[in-house]
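Structure at a glance
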Amino acid sequence: MRRLNRKKALNFVKEMDAFPKVPESYVETTASGGTVSVLAFTAMALLAFFEFFVYRDTWMKYEYEVDKDFTSKLRINIDITVAMRCQCNDAITHFTTLLQVIFELSPQQRLWHRTLLLIQNHLREEHSLQDVLFRNIMKGAPTALPPREDDPTQPLNACRIHGHLYVNKVAGNFHITVGKAIPHPRGHAHLAALVSHETYNFSHRIDHLSFGEEIPGILNPLDGTEKVSADHNQMFQYFITIVPTKLQTYKVSADTHQYSVTERERVINHAAGSHGVSGIFMKYDISSLMVKVTEQHMPFWQFLVRLCGIIGGIFSTTGMLHGLVGFCVDVVCCRFKLGVYKPKSMSVFDGHVNSLTPLLSENAEH
């Protein structure tokens, strides 16, 4: 009687339990279940590890809007070396510095220059590399031509023009040519009668040319450009389109300008109808659109949501796959009488009749 009451009490407690209980078959320990669990946890750990690197990564967001700033000045940063003496050149001396230098680079400078050209070629082929440069900008990064490491004895045969100048934010041009500039109401003229045409040599190297705030670490399209004149009377023209750019990264915030360039060069020969003035001419125009480049990062809450999606997705997928494989194995085993579905023989020693061995009758015993 006491045992019956105890059983009724246990059944009553089970009925009062509001939480559903899983079948006992769900908590059985099996080799296949353990293997699936190990694979599932391994996949979750690997995907979570890779997801952490995705969370740490950043990307650049580009936005376009109309540039409404027309009153500010445009800064032009220049560093050009021309293979002529400074006394022969008419350059922008009011805003820049002229230095007598050697046009040929030292071995270390030549190695730096070749590396710069290699990077420029990759940038032209893979535009996405520009995002890498934006993300890795650091103030003070060595992007300028390094000083010479040797003490040359050859004469100074070139003129280095470097510095910066401010101009109005409108289309314009600047140039480097032979002779002294003489102003007049329509502009200026160049007095080059005292300079022999045989001494003209407008071979040049553009170590740096940028617009706006100068940010070390940014490579510009003309940085590293080197041109060698095939004739004494040769004109080099660069047509530049400037795009105002606001750069906002986790390392630097600046108002700068990007630009694209088209090059043209030709020999001045008045007898053949090729007119003009020998020299280096840069004509620039400013785009009316401004680009805002912002470095962005995945929010932490989104990282947590993606982790939950990985864990839940792997649990659901492995559960379905394990159930499907188990079902297929059961079907095959049942069809071919394998495993637990294999028929068992009965033994007389266990008190059962062996279906394969007939029992001896009493008459046979006698």
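Residues numbered from 1 in each chain as written. Predicted model: local features only at pLDDT ≥ 70, side-chain atom pairs only at ≥ 80, totals over all residues. Heavy atoms only, no water.

**Some thoughts on the pairing of strand S12 (residues 253-267)**
Stated formally: Strands are treated as partners if at least two bridges between them are detected by DSSP. Helix and strand definitions here come from DSSP, where helices need a minimum of 4 consecutive H or I residues and strands a minimum of 2 consecutive E residues; each element is numbered from the N-terminal end.
Where strand S9 (residues 204-212) and S12 come together, two bridges link them in antiparallel fashion. By the bridge assignment, Gly212 is partnered in S12 with Thr256. Where strand S11 (residues 234-248) folds back onto S12 in an antiparallel hairpin, the turn is made up of four residues.

**Notes on the UniProt feature "transmembrane region" (unreviewed entry) in the protein chain**
Note the threshold: UniProt positions are given in the numbering used here, feature names are shortened, and annotations may be inferred rather than shown by experiment.
As recorded in UniProt, the feature "transmembrane region" (unreviewed entry) lies at residues 36-55. Structurally, residues 36-55 is divided into 100% helix and 0% strand, and its ends, taken at the C-alpha atoms, are 28 Å apart.

**Notes on the pattern of salt bridges**
Here is the rule we go by: Here, a salt bridge means any side-chain nitrogen of Lys or Arg that lies within 4 Å of a carboxyl oxygen of Asp or Glu.
Under the counting rule described, the total for this entry stands at nine salt bridges. For the salt bridge of Glu265 with Lys227, the shortest nitrogen-to-oxygen distance reads 3.8 Å. Of this pair, Glu265 sits in strand S12 while Lys227 is found in strand S10 (residues 225-227), placing the two residues 38 residues apart along the sequence. One network of salt bridges, with partners in common, ties together Arg110, Arg205, Asp207 and Glu226.

**Focus: the environment of Val252**
Take Val252: it is sitting in the loop between S11 and S12. Between the C-alpha atom of Val252 and that of Ile215, which follows or precedes it by 37 residues, the distance is 9.0 Å.

**So, the side chain of Gln234**
Threshold: Whenever a nitrogen or oxygen atom comes within 3.5 Å of another N or O atom, the pair is scored as a polar contact, on the condition that within protein one atom can donate a hydrogen and the other can accept it, and that pairs from neighbouring residues in sequence are kept only if both atoms are in side chains. We call two residues in contact when some of their heavy atoms are within 4.5 Å.
Tracing the sequence through the fold places Gln234 in strand S11. A polar contact of 3.2 Å, which involves the side chain of Gln234, links it to the side chain of Glu265. The contact partners of Gln234, leaving out residues within four places of it in the chain, are Phe202, Ser229, Glu265, Arg266, Val267, Ile268, Ser278 and Gly279.

**Points about a nonpolar patch on the surface**
What counts here: Each patch groups residues whose relative accessible area exceeds 30% and which form no salt bridge, using 9 Å between like charges and 5 Å between nonpolar side chains of Val, Leu, Ile, Met, Phe, Trp and Tyr. For every accessible area listed, the method is Shrake-Rupley and the probe measures 1.4 Å; residues are considered covered only by the protein chains on display.
A surface patch of nonpolar side chains, amounting to about 590 Å² of accessible area, comprises Leu46, Leu47, Phe49, Phe50, Phe52 and Phe53. With respect to the helices and strands, Phe50 occurs in helix H2 (residues 31-56).

**Notes on the pairing of strand S13 (residues 279-286)**
Our working definition: Burial classes: relative accessible area under 20% of the type maximum marks a residue as buried, over 50% as exposed, and values in between as partly exposed (1.4 Å probe, protein chains only).
Burial runs high along S13: six of the eight residues are buried. By the bridge criterion, eight bridges tie S11 to S13 in an arrangement that is parallel. Bridging from a neighbouring strand, Ile240 pairs with Tyr284 of S13.

**Examining the environment of Ala48**
Take Ala48: it is sitting in helix H2. Its relative accessible area of 27% is what places Ala48 among the partly exposed residues. In sequence terms Ala48 and Phe303 are 255 residues apart; their C-alpha atoms lie 9.8 Å from each other.

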